[in-house]
Amino acid sequence: MAEDGCKVSLNVYDLSQGLARQLSTAFLGKPIEAIWHTGVVVYGHEYYLRGGIESAPAGTTPYGTPIRTIDLGVTHVPKEVFEEYLDKIGPRYTAETYSLLTHNCNNFSNEVAEFLVGASIPDYILNLPNEVMSSPMAPLILPMIQNLENTLRAGAVPQAPQFRPSALASSNQATAAASNPANGDTNQLNNTKNEGAARKSDTEQTKTKTVSSSSGAGDAVAGDPLGDARSKVQEEISSELAAIMATGTFRASEAAALATRRVMQRYGHMSTAQS
């Protein structure tokens, strides 16, 4: 084999399963072809980054069928030497060192390709993080990525989003009433007064809004509906991501893609139903 060499190829997967191409312009403000994952195929096995450096017989990885396979060339590096090389770089590719933006599965594939054949993987794959972070949604996406990576490095399980203060306050009031029945009548009277005041306040606010709408009918609509919609979607993605990561079965990049896909599918179904 050393004389004839061994073929080296790159398996390319789309973790979004086509949704990135369909929804990226609306969600990110620019077109993204796919959420790339890659693995290097050589010596009959595919080598890829997940919880660490892993390998599986070609065609049997958890990522299914690649959307394309790229010929990288032929290597004359013996398999034993390659495996020693993987052992050497292994400490640099772990859950603790993983970064969605700068040190991910595609960076691993690129390093392996350079070692085996002296060639890089395609730039459009390596540059995907830059494409995403240069989008209008980058200010919302970056904090989520940073928080997730910090949580993973600390060895903790990502926590689900906290309840809103109003919901928490209502829960505390109900608990207090249940634990002190003697105050039940007083609490009920106070709640009745508060509810009456709230209804009065709502009525006054409604009148104010009605007057404002009438006087400014020719003006632009206040607020930022598109920004509000994006914030709501981002909150749902963050919640979905936390739930997926809590299972402990997905890498950060896989969980992020799956969370985005699930939320976008829900909105896609809603749009279809409304149209």
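Conventions adopted
Residues numbered from 1 in each chain as written. Predicted model: local features only at pLDDT ≥ 70, side-chain atom pairs only at ≥ 80, totals over all residues. Heavy atoms only, no water. Phe/Tyr/Trp six-rings, centres within 6.5 Å; stacked < 30°, edge-to-face > 60°. Helix = DSSP H or I, 4+ residues; strand = E, 2+ residues; numbered from the N terminus. Expected span 1.5 Å × (residues − 1). Buried < 20%, exposed > 50% of the residue type's maximum accessible area, 1.4 Å probe, protein only. Polar contact = N/O pair within 3.5 Å; in protein donor to acceptor, adjacent residues only side chain to side chain. Pairing = 2+ DSSP bridges. Axes fitted to C-alpha atoms, helices over the stretch in contact; angles between N-to-C directions. Contact = heavy atoms within 4.5 Å. Core = buried A, V, L, I, M, F, W, Y, C linked by side-chain atoms within 4.5 Å. 1 Å grid on protein atoms, 1.4 Å probe; cavity = no way out; pocket = protein on both sides within 12 Å on 5 of 7 lines; lining within 4 Å. Points joined across faces, edges and corners; volume = space filled by probe spheres on them. Nonpolar A, V, L, I, M, F, W, Y, C, P; charged D, E, K, R; others polar.

### Here we look at the packing of aromatic side chains
The tally for this structure, following the rule as stated, stands at nine aromatic pairs. When the ring of Tyr-93 is compared with that of Phe-108, the centres are 5.3 Å apart and the planes differ by 75 degrees; the resulting orientation is edge-to-face. In this pair, Tyr-93 is assigned in the loop between α2 (79-89) and α3 (105-117) and Phe-108 in helix α3, connecting sequence segments 15 residues apart. An aromatic cluster is present here, built from Tyr-43, Tyr-47, Phe-82, Tyr-85 and Phe-115 joined pairwise through their rings.

### Some words on α3
Here α3 spans 18 Å end to end across 13 residues, near enough to the 18 Å set by a 1.5 Å rise per residue. Residues of α3 that are buried include every one of Cys-105, Asn-106, Phe-108, Ser-109, Asn-110, Glu-111, Val-112, Ala-113 and Leu-116, and no others. At the N-terminal boundary of α3, the capping side chain belongs to Asn-104, with an oxygen 2.9 Å from the backbone nitrogen of Asn-106. A positive backbone phi angle near 70 degrees is found at Gly-118, which sits one or two residues after α3.

### Section: the environment of Ala-259
With respect to the helices and strands, the residue Ala-259 is situated in helix α10 (residues 252-274). On the basis of relative accessible area, Ala-259 is assigned to the buried category, the value being 0%.

### Comments concerning the sheet that holds strand β4 (residues 53-57)
Reading across the sheet, the five strands line up as β4-β3-β2-β1-β5 and stay open at both edges, with antiparallel pairing between neighbours. Every other strand in the sheet has two partners, leaving β4 and β5 (68-75) as the edge strands with one partner each. Averaged over all pairs of adjacent strands, the angle between strand axes in this sheet comes to 25 degrees, irrespective of strand direction. Two strands pair when backbone bridges link them, and strand β3 (residues 45-49) and β4 are joined in this way by five bridges, in the antiparallel orientation. Within the sheet, the bridge partner assigned to Glu-46 lies in β4 and is Ala-56. Packed on one face of the sheet, α2 meets β2 (36-42), β3 and β4 and runs near 10 degrees to β3. Contacts from α3 reach β1 (6-14), β2, β3, β4 and β5, with the element oriented near 30 degrees to β2.

### Examining the side chain of His-37
Looking at the element boundaries, His-37 is found in strand β2. The class for His-37 is buried, based on a relative accessible area of 2%. His-37 has contacts with Asn-11, Val-12, Tyr-13, Leu-15, Tyr-48, Leu-49, Tyr-63, Cys-105 and Asn-106, leaving out every residue within four places of it along the chain.

### A closer look at the nonpolar core
By size, the foremost hydrophobic cluster in this structure holds 43 residues, and its most contacted members are Val-42, Tyr-43, Phe-82, Leu-86, Val-112 and Leu-116. Discounting residues that sit within four places of it in the chain, Phe-82 has contacts with Val-42, Tyr-43, Tyr-47, Val-77, Val-112, Phe-115 and Leu-116. In this structure, Leu-15, Tyr-48, Tyr-63 and Ala-257 belong to the second largest nonpolar core, which totals six residues.

### Points about the layout of surface pockets
Estimated volume of the second largest pocket: approximately 350 Å³. Lining the second largest pocket are 19 residues; nearest its centre among them are Asp-14, Leu-15, Gln-17, Tyr-63 and Arg-261. Elements with a contribution of two residues or more to the lining of the second largest pocket: β1 and α10. A total of three residues in the lining of the second largest pocket trace back to one element, the largest contributor, which is α10. Grouping the amino acids of the lining of the second largest pocket by side-chain chemistry returns nine nonpolar, three polar and seven charged.

All quantities given are derived from atomic positions and should not be read as evidence of function.
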